[in-house]
Structures are given as structure tokens and as C-alpha cells.
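Chain by chain, the residues:
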There are 2 protein chains.
Amino acid sequence: MRISILGGGGFLGRKVASRLAADGTLGGTPVTSLTLFDLAAPPAPSAPFPVATLGGDIAALPAAAIPEGTDVVFHLAAVVSAAAEADYDLGRRVNLHGTDAVIDACRRLARPPRVVFTSSVASFSGGQGALLDDDARQVPANSYGTQKAAAEMLLADASRRGFMDAVSLRLPTIIVRPGRPNKAASSFFSAIVREPLLGLETELPVPDAFAVWVASPRRATEWLLHAAAMDTAPMGLDRSLTPPGLSVTVGEILTALEQVKPGAAALVRRVADPAIAAIVGGWPPGFRPVRAPALGFARHEPLVDVVRAFAADDLDATRRERGLG
Amino acid sequence: MRISILGGGGFLGRKVASRLAADGTLGGTPVTSLTLFDLAAPPAPSAPFPVATLGGDIAALPAAAIPEGTDVVFHLAAVVSAAAEADYDLGRRVNLHGTDAVIDACRRLARPPRVVFTSSVASFSGGQGALLDDDARQVPANSYGTQKAAAEMLLADASRRGFMDAVSLRLPTIIVRPGRPNKAASSFFSAIVREPLLGLETELPVPDAFAVWVASPRRATEWLLHAAAMDTAPMGLDRSLTPPGLSVTVGEILTALEQVKPGAAALVRRVADPAIAAIVGGWPPGFRPVRAPALGFARHEPLVDVVRAFAADDLDATRRERGLG
Ligand SMILES: NC(=O)c1ccc[n+]([C@@H]2O[C@H](COP(=O)([O-])OP(=O)(O)OC[C@H]3O[C@@H](n4cnc5c(N)ncnc54)[C@H](O)[C@@H]3O)[C@@H](O)[C@H]2O)c1
Ligand SMILES: NC(=O)c1ccc[n+]([C@@H]2O[C@H](COP(=O)([O-])OP(=O)(O)OC[C@H]3O[C@@H](n4cnc5c(N)ncnc54)[C@H](O)[C@@H]3O)[C@@H](O)[C@H]2O)c1
């Protein structure tokens, strides 16, 4: 099985690459090659199969990013929410025209590959009161969500035409993200766990009662691997799925943090940020996914396990990366 | 009021241009200039205001198509359903990237214009059994509908960002279309009225019980003019509307034809066409629009009036155009 990861140098891209390298298989089939593509050639994990790495722009996708014979493409390359809001042209080029380029690369292959695309909860709106069913319409309140929703449609059509066999996962906000704060408007949802565990202060721009739809990196990685191997025949025209995330409040996240490291939540300072609140405030905090669980997407683990997994999987690397000894 | 019509040489574009020329006003405000843009410079109607005409490709939209000071843009340029299905690249370039070009042209203006976009019933699926509410999800079953649905999203986002003030109308199949059969999969819905009224035989590719969501050119033109002048404040993020068309069967269309010209329906021959049936068979034949009527979009006239209006407005011109004396 030949696999490409576009955005393979990003947070989830590296998680998926590590899992493939560790497992050596995907859906029970041995992995025979892995290509990692990102703006700069990503680091290759040590793996029991050859790994090629490649740098470039997804909107001008080099053919080598999806070589002939590719079975599975993880299409994760994206300009995230706050950055796409700040720079309309950049977001459109990467998130929308980048998806056109992926479609064109797949059309050129002799055999249509599975394409796993990461859409987002940010493609929905409705705000704090919303609790959405699988058939809810996407009425995005930001350019990132718009570009993701439009890309989902293009990928579904490309699947119908036989150019590929796509599964789009509307991922929840992933916590806890390692490394540093980034340009995603949702960055603080991870920072309020990560920074205190590092012994650092951090700012919370929304009230404690603010609710959010989240998933852990472990669970998201599982879902992406499941989407790569599942039977898509029951999906029909509708290639988009809302996997079963967790609906939690910021207060509940801080409680889980306290369970793992008592006293840590004291490092979180309340500093309202209306610009951030306006973006994340549009995202619905609750979904009732039925279709994805029925298609085998695993239910989410409890919140405290999410904090523990971060401490186990990513805390040391983050400390080293940030020179915090 | 300065107005541009993109696709101004097409069926609906010419109808809108004629109405503006006849009225001299839009929503009570005098029209001061009209620009007509299409692949080839469209003919200018004689009008009480200056009319500029311009040829070019919407995906490489010349600035003169939407000059500084433009108040209203009718964005009607499109590659229609069967053509977009036959040529993926052409449909994507015109229907999707053409819309990007319209957005960019509007961004350059000092004042965001009203943009009236023609989306389509073909952006929905569900087939003959479907009866859809305003909040139904678009799960298109063809590339044309996909490109229209994605364009709606981009225009809504551009409106949210203040680049424009868009209203997207998901038009029903428009009958009766004058001229000749065209590449729209829905062409036969008009042909079964037009051709017999011209004394010509025509083919019906679906059963008489086949149901379809239609509107007349007169009503569609009214809706487009209303969308150009209405207050969009109540629309919020959702810039798309399903105007109140008519749900009719092919048999009912033939009955209306018989009422207007007894014996004419005998010229319709039943010749099943699975390719055509597959495309139009995916479009839902019924909607329950609530939002558009509440926003002032006029209810539809009865079917027999549609046939009579065609005979009054377009039959002679079609006869001349086709050299049928
Ligand atoms: N992390 C989340 O909370 C979350 C939530 C919902 C959806 N998603 C989606 O999941 C995917 C992965 O998210 P992530 O958290 O790993 O994000 P990330 O920013 O860490 O990774 C995205 C990668 O895309 C790359 N990229 C950006 N522009 C590019 C271009 N022009 N050409 C090639 N590569 C380019 C970046 O360099 C980056 O490595 C993204 O599509 C994101 O939108 C993430
Ligand atoms: N007529 C219908 O039944 C119907 C139903 C739903 C939606 N619509 C939509 O309404 C609009 C008008 O429909 P119509 O029936 O007048 O169609 P039409 O085909 O008569 O008009 C479309 C016009 O767009 C022009 N065009 C095509 N490619 C172009 C390009 N690259 N650059 C510039 N112009 C280009 C064509 O030359 C044509 O004049 C279209 O957007 C159509 O998709 C029509």
C-alpha cells in the first residue's frame, strides 16, 4: 500500500506518519511506501518502508507528491482559521485551489486513490446554542470554514466522477496541540492545558462556561486511519462525516487539568479577546453524530484521558522543542 | 444606478437586460448605465441609458465588465448542466473560478455592489421522492450543481467579508426556453412545449409522471430584479434562497400545452434517454420555500399562463430565429 500525506509536516500529518511507521500497516495491509509533502520537506520518521519527503506548494502540486500507484492520500495541507481570515487570497489558494490540484493529481493516476480530507467543525455555524445533526447545513461564519465546506463538495463530486474515493472528516478542535501557540483561532483550547503543564502562564479569551467540540490527537489519528481503510460503498454521494467528538466546556477542560496536575489551572489568566471569541463563538459546540459511529468511527475517550495522553505523548518533546529544559 | 450583467448574452441575461431597458429603473431607482458581458459581446437593447457591451472569459474577467461605481452585478455566466458534466475542466473554470473572478472584481470597487447569482435546483439531490425545506443540505449529484453550491458558499463568505452584498437564487428549471434545444440536461422540459407550438416533433426522455420544479422566464426575471433591490439585512450569513417555483409533472405540462393549442401534444414522442434521465432524475421535484416568500419573492403563476406567456413573448422570435417563417 502506497501512501501520501499532504501537509505531512504539520501536527496531524506527523502523528499519522508516526503511526504508519510504528504499525507498518494500514487497515491490515502492509505499507510499501510513504511520501510526505509540505511547504518544506518534512522530517522522515524511521519506518519499515521507504519514506520520500518533498517540499512545495499544494496549489502547484508536483506530480511526485502523489506518485503513480498511490493507494491513499491524506490531504491535510491547509491554512488554518485565523490565517485564512487574515489573508483571503492565501486561504483560497491553499484551501480551495490546493484541493483542485489534489483532484487533478488523482485524475492522472491509473487507479483512483482513497483520499482522506480534513474538513472542520468551523464549516458550521450556529454558535453556543447549536446542537447539530448529521444532515445539518454548513453555513460557515469564516473563510476557512467556507473553503473547507466548498472543498468537501468538490471532493464528493470528484468521487462521484471516479477521479478518487474521498472521505471528508469534519474534525473537531484538536486538543491538546503540542509545540507553541499557532495562528488557529482555537489555539487557546490547547494552550490552557499545555502551557500550565509546562509551568507557564497563558490567557483564556472566553468565559469558563464556553462550550467547544473537541477531539484528542490520538482519536483524530485513529479516525484518519479508519477513513483510509473503511468501505466507502455505504456513503453514496455524501462523502462527509462528523466523527464523534466530545462536547466540553472550558471549565471542564480546566477541571481535567487539575485532576492531572493539581494547582496548574491557576496559571490560566482570564483576558477577554473579542476577535478570537467572534471566530470560535460561531462554531457549534455540540453534534449528534450517528452516521460516523455506524461506519465504525470510534467513540471518544474521556477528557481526563486526553490531558493524560498529552502529558505522556507530547509534553517532553514540547519542553525540549521550546528549550524549557 | 449602474448595472452589469455577466452572461448578458444568455437567455436570462437578455430577459433581464430587456426589462431594465423597458423599465428604465430598478427597485424605483433610475438606471444610469448597463454593461453586458458574455463570451462574445452581446447585442445591446435600445434603452433610455447608455449600454456598453463587452466580450471575454469570466475566469479572466476584464475590469471593464464591472466598472468602478457599479451598484448591481447579475452574475449569470455559466456552463450549463450537461456541458459541465461532459467537460469537468470547463465547468470548474467557468462556474467556480469565474465566481472567484467576480469576487475579486467586486473587492476592487470602492463600494461593495449587490451581486445577484443564479444557483440551481441541480445543486440538490434526492430524486423524485424529495420534498425539501429551506434548510436542506445541498448534496449535488452532478458537477454543475456542485460548482453552483460551492460558488454560493464563496459568495456568502465574500458578503460576510464586505467584498459584496450577494443574493444567490437557486432557480428552478426555467420553462419555456426559446430558441433551439441546448446542452442543459433539462432542455427537453422546454422543448416539449416549444417544438409542438412551432409545429415540430420532439422527444420526451422521461415518463409522463416525471415531476419537476419549474419557473417561467417572466417569474425568474422578476425574482432576479427583486433580489437586486431587496433589503438583505434579514439574510444574515445565509445568502441563498429557494424562490417559490412550481412542482409539476411532464403530463401536466402537456395538458397545459393542449389547453393553449389543442392537438399539439401529439407531436411529443416518448423516447427514453437514460443519460438525461439520470441527471434530471437526481433533482428534487418539490420544495417548500418559506424564506423567499417572506422576503418578498412573488409566488408563481399557474402553468397554463407559462405556456401562454411563451406563445406571447417568444414564439414569433423563435420562429424567425430558426427560419421557420
Ligand atoms: N488541529 C485542529 O484542531 C484541526 C481541526 C479541524 C480540522 N483540522 C484540519 O486538519 C488538518 C491538519 O491540521 P493540523 O492541526 O495538523 O494543522 P497544521 O497547520 O499543523 O498542518 C497543516 C500543514 O499544511 C502545510 N501547508 C500550509 N500551506 C501549504 C501549502 N501551500 N502547500 C503545502 N503545504 C502547506 C503547513 O505547512 C502545515 O504543515 C488541516 O487541514 C486542518 O485544517 C485541524
Ligand atoms: N435556464 C434554466 O433553466 C436555469 C435553471 C437554474 C439556473 N440557471 C442559471 O441561470 C443562469 C442563466 O441561465 P440561462 O438559461 O440564461 O443560460 P445561458 O446558457 O443562456 O446563459 C449563460 C451565458 O453564460 C455565458 N458564458 C458561458 N461561459 C462563459 C465564459 N467563460 N465567460 C463569459 N460568459 C460565459 C454563455 O455564453 C451564455 O450566454 C446560469 O447561471 C444558469 O446556470 C438557469
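Here the structure is a predicted model, which means the values were calculated and not measured.

Within chain A, the regular secondary structure consists of eleven helices and 16 strands. By the compact-globule yardstick of 20 Å for 325 residues, chain A fits well, its C-alpha radius of gyration being 19 Å. Each principal axis of the C-alpha atoms in chain A carries an extent, and together these give about 55 × 45 × 40 Å. When each of the 325 residues of chain A is scored for burial, the buried share is 59%. Taking all contacts inside chain A whose residues are at least 6 apart in sequence as the whole, residues at least 24 apart take part in 77%.

Quick look at the side chain of S120 of chain B now. All names here are of chain B. Of note, S120 is situated in strand 7 (residues 114–120). The class for S120 is buried, based on a relative accessible area of 7%. A polar contact of 2.9 Å, which involves the side chain of S120, links it to the backbone nitrogen of A122.

Least-squares fitting of chain A to chain B yields an RMSD of 0.0 Å, with the transformation described by 0.0 Å of translation along the axis and a rotation of 180 degrees. Expressed as an axis order, the relation between the two copies is that of a two-fold axis. Here 100% of the contact residues of chain A are again contact residues in chain B; the copies associate through an equivalent surface.

It is worth spelling out unusual backbone geometry at this point. Residue I175 of chain A is joined to V176 of chain A through a cis peptide bond whose omega torsion reads 5 degrees. Tracing the chain through its elements places V176 of chain A in the loop between strand 10 (173–174) and helix 5 (187–197).

A few words now on the sheet that holds strand 10 of chain A. Residue and element names in this part refer to chain A. Taken in spatial order, the three strands line up as 10-12-14 in an open sheet, and their pairing is mixed. The sheet is open, and its two edges are formed by strand 10 and strand 14 (246–249), each paired on a single side. By the bridge criterion, four bridges tie strand 12 (residues 211–215) to strand 14 in an arrangement that is antiparallel. In the strand pairing of strand 14, A211 is matched with T249.

Looking at chain A, pLDDT values average 97 and 100% of them are 70 or higher. As a predicted assembly, this complex carries a pTM of 0.97 together with an ipTM value of 0.96.

Attention now moves to the side chain of D165 of chain A. All names here are of chain A. Summarising the element assignment, D165 is placed in strand 9 (residues 165–171). One polar contact links D165 to T232, side chain to side chain, over a distance of 2.8 Å. Side-chain polar atoms of D165 contact the side chain of R239, separated by 2.8 Å. Every residue in contact with D165, bar those within four places of it in the chain, is listed here: P113, R114, V115, S159, T232 and R239.

Taken as a whole, this structure holds ten aromatic pairs over all chains when the rule is applied. Here the aromatic rings of F124 of chain B and F287 of chain B are separated by 5.2 Å at their centres, their planes lie at 70 degrees, and the arrangement is edge-to-face. Placement of the pair is F124 of chain B in the loop between strand 7 and strand 8 (131–133) and F287 of chain B in strand 16 (residues 286–288), with a sequence separation of 163 residues. F124 of chain B gets classed as buried once you look at its relative accessible area, which sits at 1%. By relative accessible area, which is 8% here, F287 of chain B ends up buried. Counting every residue linked through ring pairs, the aromatic cluster contains F124, W213 and F287 of chain A. Over the ring of F163 of chain A we find R107 of chain A; its NZ or CZ atom is 4.8 Å from the centre of that ring.

Turning our attention to helix 10 (residues 303–313) of chain B. All of the buried residues along helix 10 of chain B are L303, V304, V306, V307, A309 and F310 of chain B. If you follow the buried residues of helix 10 of chain B, they end up packed against helix 5 (187–197), helix 6 (217–229), strand 14 (246–249), helix 7 (250–260) and helix 11 (315–321) of chain B.

This next bit is on helix 5 of chain B. All names here are of chain B. Taken across its eleven residues, helix 5 has eleven buried, putting it largely inside the fold. The set of residues buried in helix 5 consists of S187, F188, F189, S190, A191, I192, V193, R194, E195, P196 and L197. In the stretch just after helix 5, G199 is the one whose phi turns positive, near 80 degrees.

Turning our attention to the interface of chain A and chain B. Counting residues at the interface gives 34 residues for chain A and 34 residues for chain B. Considering only the side of chain A, the residues that lose the most area to chain B are Y88, R137 and M153 of chain A, jointly responsible for 25% of the buried surface there. Summed over the shared surface of chain A and chain B, the number is twelve salt bridges. Here E85 of chain B ties to R161 of chain A by a salt bridge, and the two come within 3.9 Å at their closest N and O atoms. Inspection of the chain A/chain B interface yields 20 residue pairs in polar contact (both at pLDDT 80 or more). The set of elements that each furnish at least two residues to the side of chain A that touches chain B consists of helix 2 (81–86), helix 3 (88–107) and helix 4 (143–160) of chain A. Split by residue class, the side of chain A that touches chain B holds 14 nonpolar, six polar and 14 charged.

Thresholds, definitions, all that
Residue positions are given per chain, counting from 1 as you read along its sequence in written order. Working convention: letters from A go to chains and numbers from 1 go to ligands, in the order in which they are written. This being a predicted model, a pLDDT of at least 70 is required before a residue's local features are given, and a value of 80 or more before pairs of side-chain atoms are given or counted; all residues contribute to the totals for chains, interfaces and linings. Neither water nor hydrogens contribute to the side-chain values; these are computed over all heavy atoms in the structure. A run of DSSP states H or I qualifies as a helix once it reaches four residues; a run of E qualifies as a strand once it reaches two. Both are numbered from the N-terminal end. Here the globule rule reads 2.2 Å times residues to the power 0.38, and the radius of gyration is calculated from C-alpha atoms. Note on exposure labels: buried denotes an accessible area under 20% of the residue type's maximum, exposed denotes more than 50%, and partly exposed covers the range between, all computed with a 1.4 Å probe on protein chains only. Any pair of residues with heavy atoms lying within 4.5 Å of one another is described as a contacting pair. What qualifies as a polar contact is a pair of N or O atoms within 3.5 Å, subject to a donor-acceptor requirement within protein and to the restriction that residues adjacent in sequence count only when both atoms come from side chains. What sets the superposition is a least-squares fit of C-alpha atoms, and only residues with pLDDT of at least 70 in both copies go into it. Following DSSP output, two strands are said to pair if at least two bridges run between them. Values of pLDDT, which run from 0 to 100, indicate the predictor's confidence residue by residue. The criterion for an aromatic pair is that two Phe, Tyr or Trp rings (for Trp, the six-membered ring) have centres within 6.5 Å, with stacked assigned to planes under 30 degrees apart, edge-to-face to planes over 60 apart and tilted to the rest. Here, over-ring charges are defined by two tests on the NZ atom of lysine or the CZ atom of arginine: distance to the ring centre within 6 Å, and angle to the ring normal within 35 degrees. What gets called buried area is simply the loss in accessible area from a 1.4 Å probe that two parts show on being joined, summed for both. Salt bridge criterion: a side-chain nitrogen from Lys or Arg within 4 Å of a carboxyl oxygen from Asp or Glu. Classes in brief: Ala, Val, Leu, Ile, Met, Phe, Trp, Tyr, Cys and Pro nonpolar; Asp, Glu, Lys and Arg charged; the others, Gly included, polar.

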